[in-house]
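Structural characterization, general
Residue strings, one per chain:
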Amino acid sequence: MPDTRYIVVERHKGEEKRLSWTRYATRAAAEEEADGLFRAAMDHTYGSPRYYGIVEEEVPDKTAEPGIVPCPQPKEPRVKKILYIDMDNVLVDFRSAIPRLDPELVEAYGRHLDDVPGIFALMDPMSQAVASFRELARIYDTYILSTSPWKNPSAWSDKLLWVQRYLGGSAKKRLILTHHKNLNVGDYLIDDRRKHGVPRFCGEHIHFGTKKYPDWPAVIAYLRPGAEQRGQ
Ligand SMILES: [Mg+2]
């Protein structure tokens, strides 16, 4: 069954531009984002106002898919299952950086804000992400599996510094930056998108931000009991 997603669009000088960095699961969440963008734009708009609206998009219902690709089994059962966690819009609140940018940069980069030098140093953690990561890092063999923009070299170092700043020792030497997530062997991958090899990851994709796993408490409620049963 298709799933409805809500996307914020920007209307400026007679043109409509789709702001595609997030597809929201609820209209209310998209409207909140649109309202915030409108208020931010009001502060920096001179003579040509910007307006923000919502459009709907039908996408395949990912939660209805099993999302599990069989992996070759290790000869010995793993003491701890291997868990990968994405950064943008899973651990890291990408949108939190936008109001902190120079409005001229926001205008210049448009839909490619991930290419703004230094933007990844300005982001806050997602709600409850840090505590959730620390808990999962104790009970799973946990790694951060993220993609860094090819055209933004500072993003690569900013992501490392973000992990060191917010996750500290629990993530030491556990950051992997790749455009080919499927090449990592593991049991679980928490990711808000199905790009960069996620559908071919051999293990279970926990699709963050969907109806099934809308936030960190939902993910923890799913992963904690499994680890406890295995005595991790
Ligand atoms: Mg992401």
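Everything below is about the structure shown above.
So, here's what we can say about the structure. Treat the numbers as computed from the prediction; the structure is a model and nothing was measured. (Residues numbered from 1 in each chain as written. Predicted model: local features only at pLDDT ≥ 70, side-chain atom pairs only at ≥ 80, totals over all residues.)

**Thoughts on the nonpolar core**
Counting residues in hydrophobic clusters, the biggest one holds 36 residues, and the most contacted among them are Ile85, Leu91 and Ile190. Counting only elements with at least two residues in this core, the list comes to β4 (82-85), α3 (129-139), β7 (141-146), α4 (153-166), β9 (188-191) and α5 (216-229). If near-sequence neighbours (up to four positions away) are discounted, isoleucine 190 is found in contact with Ile85, Asp86, Val90, Ile206, Phe208 and Val219. In terms of nonpolar packing, the next biggest core, distinct from the first, is built from six residues, Tyr6, Val8, Leu37 and Tyr52 among them. (Core = buried A, V, L, I, M, F, W, Y, C linked by C-beta atoms within 7 Å. Buried ≥ 20, exposed ≤ 12 C-beta atoms within 10 Å, placed from the backbone. Helix = DSSP H or I, 4+ residues; strand = E, 2+ residues; numbered from the N terminus. Contact = placed C-beta atoms within 7 Å.)

**Comments concerning α4**
The end-to-end C-alpha distance of α4 is 21 Å, a good match for the 20 Å that 14 residues give at a rise of 1.5 Å each. Residues of α4 that are buried include every one of Ala155, Lys159, Trp162 and Val163, and no others. The buried residues of α4 all sit within an arc of 95° when viewed along its axis, so they share a single face. Turned more than 90 degrees from where α4 packs its buried face, Pro153, Leu161 and Arg165 sit exposed. (Expected span 1.5 Å × (residues − 1). Arc of directions from axis to C-beta.)

**Regarding the sheet that holds strand β10 (residues 204-207)**
Spatial ordering of the open sheet is given by β8-β7-β4-β9-β10, a layout of five strands whose pairing is parallel. The open sheet terminates on both sides in strands that have one partner only, identified here as β8 (175-177) and β10. The average angle at which neighbouring strand axes cross in this sheet is 25°, direction not considered. Across four bridges, β4 lies against β7 in parallel orientation. Residue pairing for β7: isoleucine 85 is matched across the bridge by isoleucine 144. Sitting on the sheet, α4 touches β7 and β8, and the angle it makes with β8 is about 160°. (Pairing = 2+ DSSP bridges. Axes fitted to C-alpha atoms, helices over the stretch in contact; angles between N-to-C directions.)

**Details of the pairing of β4**
Of the pairings in the sheet, the one linking β4 to β9 comprises three bridges and is parallel in character. Bridged to tyrosine 84 within β9 is leucine 189.

**Quick look at the environment of proline 72**
For proline 72, the location among the structural elements is in the loop between β3 (50-60) and β4. It is 9.1 Å that separates the C-alpha atoms of proline 72 and valine 185, two residues lying 113 residues apart in sequence.

**Quick word on unusual backbone geometry**
Within the chain, asparagine 89 stands out as a residue other than glycine whose phi angle is a positive 65°. The topology assignment puts asparagine 89 in the loop between β4 and β5 (92-93). What makes asparagine 89 partly exposed here is the crowd of 18 C-beta atoms within 10 Å. With a phi angle near 60°, lysine 173 is a residue other than glycine that sits in the positive phi range. Relative to the helices and strands, lysine 173 resides in the loop between α4 and β8. Among the residues examined, lysine 173 registers 6 C-beta atoms within 10 Å and is labelled exposed.

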